[in-house]
Amino acid sequence: MPADHAAHPITGVRVTPVAFRDKPLLNTVGAHEPFALRSIVEVVTADGTAGLGESYGDLPHLRRLERAAELLVGVDIFDLNAMMRAVVASLTADDGVGGHGMGGMVMNSSAADRVLSPFEVAALDVQGKLIGVPVSELLGGAVRDRVDYSAYLFYKWAGHPGEAEDEWGAALDPAGLVTQARRIIDDYGFSAIKLKGGVRPPEEEIEAIRALRAAFPDHPLRLDPNTAWTVPTSIKVGTELADILEYLEDPTKGIDHMAAVAREVPMPLATNMAVVSFEHLPPAVAQDAVQVVLSDHHFWGGLRRSQTLGTICATWGMGLSMHSNSHLGISLAAMTHLAAATPTLDYACDTHWPWKDPEDDVVVPGSLVFSDGAVTVPTAPGLGIELDPDRLARLHEQYLHCGLRERDDTGYMRRFEPDFDPSAERW
Ligand SMILES: O=C([O-])[C@@H](O)[C@@H](O)[C@H](O)[C@@H](O)C(=O)[O-]
Ligand SMILES: [Mg+2]
């Protein structure tokens, strides 16, 4: 650190697990449980400035965050490289595996990047507050003042088994998905649509995409079966949906299989499963396996490392989109600042936002508002959001009582369908 640089040492780090109500959304490994888990990170510096981060809430990940938190005390809030060193020093031999918040899906992202992420976001929040600028400015400046998000459709049950039907009702066939799409687009104004596939046999999902195309002729469409298909099935679906899909996301498993599909289908292949850390980029580029990478600051090591990913993608002619898991307002703010300051982010970003109850959040309402499918980039210093201690306490209480400690979509599904097969490439 230069001698004239005023030090802003971190004096406290708090990690709080929270749970919020989730809908019975279906995916290829099972069903969402009644609660989604997250961790809320608060970082405080010597002068009392506080910053916020958000990450997965699975117990093994929570323990990693807590261990890293201890080593971060004393690190300067501007020294992000020292933060990474502290995170790496906090990891133990088993930290590559488990508890990554993906509910049983393939995920070999870097443990160090996953742990660093919420602390890096919180550090940027503090830095912005200290300097008096929004995080987007710390990231190089906003190139857009609104960030577009997409309508994220799911096959879903009418309600959690044993509970009343929820306000969205069932969506188990093309007509149900079109109804869901109409509602989510009416409510939020999204102008792109993503369908979470890998739930029904591929022919039915093709039918669903055709029904969505008929109902929404101008909305770009994406389909994401989370590696449920073999290479031949992926090629068949991609060929049948030529000219309909904006991109086909993770049809099949791994870089080699994605490359085999990419050679045969007309549309770009996108991924948040085959390329999830920097070491996956060289082999993916060498084989032209993916044409769009869905960044996700929660597993790419925070906002600045996600921007580096964007630069690499642009260098090699790959598009950039953004992935989402179930999340709260801190993550939405971070995603919005990142997208605002990433010139090459050329697709509407994913978000699970509409699937949570509006009152289930930890931030003071009002700073993040959707209109016409986009969120206006906050301009207040830092992330531009404020933690609501009462809301945090309520969601923490919900965590303590919900009984869940690790996302388990397959285990939940098997309570109702004991023979359920979650394996990749099963179609
Ligand atoms: O929440 C889900 O069911 C999604 O399938 C999620 O786990 C995926 O990570 C995701 O949204 C994706 O795009 O692959
Ligand atoms: Mg995906």
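- As annotated in an unreviewed UniProt entry, the protein chain carries the name glucarate dehydratase and is attributed to Nocardioides terrae.
- You can read under Sequence similarities (unreviewed entry) in the UniProt record for the protein chain the words "Belongs to the mandelate racemase/muconate lactonizing enzyme family. GlucD subfamily."
- UniProt, in the comment section headed Catalytic activity (unreviewed entry), describes the protein chain in these words: "D-glucarate = 5-dehydro-4-deoxy-D-glucarate + H2O".

Details of the nonpolar core
Now for step 1: Residues Met83 and Val290 are the most contacted members of the largest nonpolar core, which totals 127 residues.
Now for step 2: The element best represented in this core is helix α3 (residues 111-131), accounting for 10 residues.
Now for step 3: Built from parts of two domains, this core gets at least three residues from each of domain 1 (10-133 + 391-402) and domain 2 (137-385).
Now for step 4: Every residue in contact with Met83, bar those within four places of it in the chain, is listed here: Leu72, Val75, Leu116, Phe119, Glu120 and Ala123.

As for the environment of Val276
Now for step 1: Here Val276 lies in the loop between β11 (269-271) and α9 (281-287).
Now for step 2: In this structure, the C-alpha to C-alpha distance between Val276 and Leu338, residues 62 residues apart in sequence, is 17 Å.

Topic: the domain arrangement of the protein chain
Now for step 1: Parsing the protein chain into structural domains produces domain 1 (10-133 + 391-402) and domain 2 (137-385).
Now for step 2: If you look at the interface, domain 1 gives 45 residues, while domain 2 gives 47 residues.
Now for step 3: Counting only elements with at least two residues in the side of domain 1 that touches domain 2, the list comes to β1 (10-21), β2 (26-27), β4 (35-45), β5 (50-56), α3 and α12 (389-402).
Now for step 4: Per element, the largest residue contribution to the side of domain 1 that touches domain 2 is 12 residues, and it comes from α3.
Now for step 5: Residue composition of the side of domain 1 that touches domain 2, grouped by class: 21 nonpolar, 13 polar and 11 charged.

Definitions and cut-offs
Residues numbered from 1 in each chain as written. Chains lettered and ligands numbered in written order. Predicted model: local features only at pLDDT ≥ 70, side-chain atom pairs only at ≥ 80, totals over all residues. UniProt positions renumbered as here; feature names shortened; annotations may be inferred. Core = buried A, V, L, I, M, F, W, Y, C linked by C-beta atoms within 7 Å. Buried ≥ 20, exposed ≤ 12 C-beta atoms within 10 Å, placed from the backbone. Helix = DSSP H or I, 4+ residues; strand = E, 2+ residues; numbered from the N terminus. Domains from an automatic or database assignment. Contact = placed C-beta atoms within 7 Å. Nonpolar A, V, L, I, M, F, W, Y, C, P; charged D, E, K, R; others polar.

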